[in-house]
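# Structural characterization, general
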Amino acid sequence: MIKFTLVTITYNAASVFMRTAESVLAQTYHCVEHIIVDGASKDGTADMAMEYKRRSDGMANGHEVRVVSEPDKGLYDAMNKGLRLATGDYVCFLNAGDFLPDESTLHLIYNNARLGSFENDTSRMPAVLYGDTDLVDNDGRYIGRRRLVPPERLTWRSFRSGMLVCHQAFYARLDIARRTPYDLRYRFSADVDWCIRVMKEAARMALPLANVHAIVACYQREGQTTENHRASLRERFDVMRRHYGLTVTLAMHAWFVARAVLKRGR
């Protein structure tokens, strides 16, 4: 059976961690690995993660929970650690506070991507499975659908128009993800760069990207990137310039500004 690895990065996340953990614990899909990479939290997060592991281990749900708690060099260093630890066919990063919409989410991804047809030849599986995202507030309450909508056909060039697929709704084949670790030069936007590089590798390998036509993640909007918005924008400009060239990047940013002005004028 196709195995999903979900990686959750935590640091002093005791107030929101169980929301994430419970959504994974509830999954009716049986072949699931949940890796918690904790940055040596001081608020009891690691203890909560271990208690969650004990609960999961005591259930006949086919889930495997692994917990690592130690100092790291930041968010993306922790994500690279998660990539090295992962053993699934697909990996997705579901950070503390984010959660899966309901208990059938992974079953829905498996069925809608027709992964059963690849059980005997996993080398032919789509490079990426992707879907839509709902936004929630700090308390996990629904805010609305994410403004950027995943395209019917996604390619690495699609992100010229922005990050059309949320990081939490982007399931990458582990063999490809491992070959394209997060670039630690970026503090806030390495996820954008990583998604583009994964999709570039998919194109090189002539592998499809599969739209599962479902909401597959609830994303807690407030986070590190939101708190450091200006620095994040500078990094995203650099990511786009590296992948798409300066002319295209300037043109797209001019369009972003014009669109924002038009919206304010309505």
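Notes on the structure follow.

Here is what the cut-offs are and how they apply
Residues numbered from 1 in each chain as written. Predicted model: local features only at pLDDT ≥ 70, side-chain atom pairs only at ≥ 80, totals over all residues. Heavy atoms only, no water. Helix = DSSP H or I, 4+ residues; strand = E, 2+ residues; numbered from the N terminus. Rg over C-alpha atoms; globule rule 2.2 N^0.38 Å. Buried < 20%, exposed > 50% of the residue type's maximum accessible area, 1.4 Å probe, protein only. Contact = heavy atoms within 4.5 Å. Areas by Shrake-Rupley, 256 points an atom, 1.4 Å probe, with all protein chains shown as cover. Lys, Arg positive; Asp, Glu negative; His and termini not counted. Charge placed at Lys NZ, Arg CZ, Asp CG, Glu CD. Phe/Tyr/Trp six-rings, centres within 6.5 Å; stacked < 30°, edge-to-face > 60°. Lys NZ or Arg CZ within 6 Å of the ring centre and 35° of its normal. Axes fitted to C-alpha atoms, helices over the stretch in contact; angles between N-to-C directions. Parallel < 35°, antiparallel > 145°, perpendicular 65-115°, else oblique. Left-handed = near helix turned anticlockwise from the far one by under 90°. Polar contact = N/O pair within 3.5 Å; in protein donor to acceptor, adjacent residues only side chain to side chain. Pairing = 2+ DSSP bridges. Core = buried A, V, L, I, M, F, W, Y, C linked by side-chain atoms within 4.5 Å. 1 Å grid on protein atoms, 1.4 Å probe; cavity = no way out; pocket = protein on both sides within 12 Å on 5 of 7 lines; lining within 4 Å. Points joined across faces, edges and corners; volume = space filled by probe spheres on them. Nonpolar A, V, L, I, M, F, W, Y, C, P; charged D, E, K, R; others polar.

Here we take up the overall build of the chain. What the chain contains, in helices and strands, is 9 helices and 8 strands. A compact globule built from 266 residues should have a C-alpha radius of gyration of about 18 Å, and the chain, at 18 Å, falls within 12% of that. A principal-axis box enclosing the C-alpha atoms of the chain has dimensions of 55 × 45 × 35 Å. Counting over 266 residues, the chain shows a buried share of 52%. In the chain, the share of contacts with a sequence separation of at least 24, taken over all contacts with a separation of at least 6, comes to 79%. Of the roughly 12,500 Å² that the chain leaves accessible, carbon and sulfur atoms contribute 52%. Charged side chains of the chain number 37 positive and 31 negative; the gap between the two group centres comes to 9 Å.

Scanning the entire structure with this criterion turns up 11 aromatic pairs. Aromatic side chains phenylalanine 17 and tyrosine 52 sit 6.0 Å apart centroid to centroid with 75° between the ring planes, which places their arrangement in the edge-to-face category. Separated by 35 residues along the polypeptide, phenylalanine 17 in helix 1 (residues 17-25) and tyrosine 52 in helix 2 (residues 45-57) bring together distant segments of the chain. We note that phenylalanine 17, like tyrosine 52, is buried. A centroid spacing of 5.5 Å and a plane angle of 50° characterise the contact between tyrosine 29 and tyrosine 110, whose relative ring orientation is tilted. Note that tyrosine 29 is positioned in the loop between helix 1 and strand 2 (32-38) and tyrosine 110 in helix 4 (residues 105-112), a separation of 81 residues in sequence. Just as tyrosine 29 is buried, tyrosine 110 falls in that class too. One aromatic cluster in this structure is built from Phe4, Tyr29, Tyr90, Tyr110 and Tyr171. In this structure, lysine 200 packs its charged tip against the face of tryptophan 156, placed 4.7 Å from the ring centre.

Here the focus is the packing of helix 1 against helix 2. Following both chains from N to C, one finds helix 1 and helix 2 inclined at 15°, their axes separated by 11 Å at the closest point. Compared by their axis directions, helix 1 and helix 2 come out roughly parallel. Relative to helix 2, the crossing made by helix 1 is right-handed. Taken together, the residues of helix 2 that come into contact with helix 1 (itself represented by Phe17, Met18, Ala21, Glu22, Val24 and Leu25) are Thr45, Met48, Ala49, Tyr52, Arg55 and Ser56.

For tyrosine 142, the location among the structural elements is in strand 6 (residues 142-145). Beyond its immediate stretch of four places on either side in the chain, tyrosine 142 contacts Asp134, Leu135 and Val136. For tyrosine 142, the side chain forms a polar contact with the main-chain nitrogen of arginine 145, separated by 3.4 Å.

Here we take up the pairing of strand 7 (residues 170-173). Residue alternation in strand 7 divides its side chains into two sets, Phe170 and Ala172 and Tyr171 and Arg173, and both sets are buried. Here strand 4 (residues 90-93) pairs with strand 7 via 2 bridges, running antiparallel. Paired with tyrosine 90 across the strands is arginine 173, a residue of strand 7.

Grouped together as the largest cluster of nonpolar side chains are 75 residues, with contacts concentrated most on Phe4, Leu129, Phe159, Tyr171 and Trp194. Dropping the residues within four chain positions of it, tryptophan 194 is found in contact with Leu83, Phe93, His167, Phe170, Ala172, Ala177, Thr180, Pro181 and Tyr182.

Right, let's get into the layout of surface pockets. Counted as a void, the second largest pocket has a volume near 180 Å³. The wall of the second largest pocket is formed by Arg153, Leu154, Thr155, Trp156, Met199, Ala202, Ala203, Leu207, Pro208 and Leu209. Counting residues per element, the lining of the second largest pocket draws most heavily on helix 6 (residues 190-204), which supplies 3 residues. Residue composition of the lining of the second largest pocket, by class: 8 nonpolar, 1 polar and 1 charged.

Moving on to helix 1. Looking only at helix 1, the buried set comprises Phe17, Thr20, Ala21, Ser23, Val24 and Leu25. Looking at the buried positions of helix 1, the neighbouring elements they touch are strand 1 (4-10), strand 2, helix 2 and strand 3 (63-69).

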